[in-house]
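# Observations on the three-dimensional arrangement
The residues making up each chain are set out below.
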Amino acid sequence: MALYTPIHHSSSKLSLQSKLFSTKTRHGPTRTQTPHVSTFEEGQLEQPKWAGETPLSRFVAALISIKPLYKILKFGARQVLISTAEKNKIPWREMTKKILESEVYKEFETIQDTCLVYPDYYLNPFHAYDDGNLSWLAAAEAEAATMSIGKRAIPNASSVDEANQVVRGNWLQAIEQHYQLCSVNSTINDILDIGCSVGVSTRFLADRFPSAKVTGLDLSPYFLAVAQFKEKEMVPRKNPISWVHANGEATDLPSNSFDLVSLAYVIHECPTRAIVGLVKEAFRLLRPGGMLAITDNSELSPVLFTLMKSTEPFLDEYYLTDVEETMTEASFVNVYSTLTDPRHRTVMGTVP
Ligand SMILES: C[S@@+](CC[C@H](N)C(=O)[O-])C[C@H]1O[C@@H](n2cnc3c(N)ncnc32)[C@H](O)[C@@H]1O
């Protein structure tokens, strides 16, 4: 089966180096002389021809600005999402119903920061939900939507679970390798997952680093309520995950308090100014030697871009933002990007 092979862990620092550093910096040369040992590919993001001020992008924007047409596009995008998920054996409607009929609502009060001021971009309709991420329906559907990420990236996988194990496994492995090579600290003790949504990425991090204290942070108290509810249903961990309702651009968490900050599939949902804010805040939160890992879309086909753009208002800005440069400008060093599966790249950097 032609799966995208995850890299395999090796105790040899030299072989790790060959694998990881066969990626390129955005502007720099290839570092390794032995590309055959690498299963990761260069993760540089070229601006897609259809993003920005291009005729296709302008045409899509014009279509979206016509209200009745936007409604049809939005409806179409949602139907495609649900039917594709169900075709791939993700029981979307069943999972949603289970959450909506559960005791999840009790978690909301314990998690919501009623004083939180939401950034303006967050209050727009989003992902075909009129209330964006601030609704129970969005929260109840989020895990099924997240599961679809893996299957789209690894269509040949024999199951959704296998696809997600490959996508998340490669991401975690890239993080471990970068940390091992570039960080002066030996262990990852404190992890912050910014934009944790309903906690899928957070649980992957907590499973991979069981001795670390893991915090999931998000702007949506609905998503966090689902995250906390689902975690309570699972076997208790030695180090329970903490959930924080805050803006990742201004968390109020203490400086120099984390070894790893993750932004998984967050920044394609943000305007450039928020991406810059998130990267700067991550830098403040990390200890010297700590690392930031940003994983997100590499490229999209024009068709998918058009469909997604109707429900993802900041896709253009994401594709026009130079993430590596943003990290370098925020003073991160060892900034490398790597394609961790055919659809996603992971950009990593260290605090000096
Ligand atoms: C696609 S979801 C992330 C999925 C999750 N990290 C995973 O990998 O399973 C994007 C999340 O980013 C959150 N988000 C967007 N802007 C944010 C911000 N400024 N601060 C914190 N969370 C933010 C949204 O609420 C949403 O839950």
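Taking an unreviewed UniProt entry as the reference, the chain is identified by name as Methyltransferase domain-containing protein belonging to Coptis chinensis.

The next point concerns helix α8 (residues 200–208). For α8, the buried fraction is high: 7 of the 9 residues fall into the buried class. Listed as buried for α8 are Val200, Ser201, Thr202, Arg203, Phe204, Leu205 and Ala206. Next to the buried residues of α8 lie α6 (136–153), α7 (160–182), β2 (190–194), β3 (213–218), α9 (221–233) and β5 (258–264).

Here arginine 273 is to be found in helix α10 (residues 272–285). Between the C-alpha atom of arginine 273 and that of glutamate 249, which follows or precedes it by 24 residues, the distance is 9.8 Å.

Further remarks concern unusual backbone geometry. Positive phi, close to 60°, is recorded for tyrosine 265, a residue that is not glycine. Judged by the 18 C-beta atoms lying within 10 Å of it, tyrosine 265 is partly exposed. Of note in this structure, serine 331 is not a glycine but carries a positive phi near 85°.

Taking 1.5 Å of rise per residue, 18 residues should cover 26 Å, and α6 covers 27 Å from first to last C-alpha, within 8% of that figure. Of all the bends in α6, the greatest, near 45°, is centred on alanine 142. Of all 18 residues making up α6, 13 are buried, and the element is well covered by its neighbours.

The subject of this paragraph is the nonpolar core. Ranked by internal contacts, the top residues of the largest apolar core, which has 80 residues, are Ala139, Val226, Val261, Leu278 and Leu292. Each residue touching valine 226, except ones within four places of it in the same chain, is listed here: Ile99, Val104, Ala139, Ala140, Ala142 and Val198.

Before going further, it helps to spend a moment on the packing of helix α4 (residues 92–100) against α6. The angle between the axes and the distance between the axes are what describe a pair of packed helices. Viewed as axis vectors pointing N to C, α4 and α6 meet at an angle of 130°, and their least axial separation amounts to 8 Å. Here α4 is positioned oblique relative to α6, judged by the angle of their axes. Considering how the two elements wind past one another, α4 and α6 form a crossing that is right-handed. Facing α4, whose interface residues are Trp92, Met95, Thr96, Ile99 and Leu100, α6 presents Trp136, Ala140, Glu141, Glu143 and Ala144. A breakdown of the residues in the contact of α4 with α6 according to their chemical character gives 7 nonpolar, 1 polar and 2 charged.

Attention shifts here to the site of the ligand. The local shell around the ligand holds 24 residues, among which Gly195, Ser197, Ser201, Gly248 and Ala264 are the closest. Counting only elements with at least two residues in the shell around the ligand, the list comes to α8 and β3. Per-class residue counts for the shell around the ligand are 13 nonpolar, 8 polar and 3 charged.

On to the pairing of β5, then. Extensive coverage of β5 is indicated by the burial of 7 of its 7 residues. Here β2 pairs with β5 via 4 bridges, running parallel. What sits directly across from leucine 192, in β5, is valine 261. Read from β5 through α10 to strand β6 (residues 286–297), the crossover connection turns out right-handed.

What follows deals with the packing of α6 against α9. One can describe the packing of α6 onto α9 by two numbers: an axis separation of 8 Å at closest approach and a directional angle of 45°. Taken together, the axes of α6 and α9 lie oblique to each other. Once α6 is placed against α9, the crossing between them reads as right-handed. On α9, the residues that touch Trp136, Ala138, Ala139, Ala140 and Ala142 of α6 are Tyr222, Phe223, Ala225 and Val226. Its residues assigned to classes, the contact of α6 with α9 shows 9 nonpolar, no polar and no charged.

Cut-offs applied
Residues numbered from 1 in each chain as written. Predicted model: local features only at pLDDT ≥ 70, side-chain atom pairs only at ≥ 80, totals over all residues. Buried ≥ 20, exposed ≤ 12 C-beta atoms within 10 Å, placed from the backbone. Helix = DSSP H or I, 4+ residues; strand = E, 2+ residues; numbered from the N terminus. Contact = placed C-beta atoms within 7 Å. Expected span 1.5 Å × (residues − 1). Bend = angle between axes of the 7 residues up to and from the residue. Core = buried A, V, L, I, M, F, W, Y, C linked by C-beta atoms within 7 Å. Axes fitted to C-alpha atoms, helices over the stretch in contact; angles between N-to-C directions. Parallel < 35°, antiparallel > 145°, perpendicular 65-115°, else oblique. Left-handed = near helix turned anticlockwise from the far one by under 90°. Nonpolar A, V, L, I, M, F, W, Y, C, P; charged D, E, K, R; others polar. Near = placed C-beta within 6 Å. Pairing = 2+ DSSP bridges. Right-handed = clockwise from strand over helix to strand, strands pointing away.

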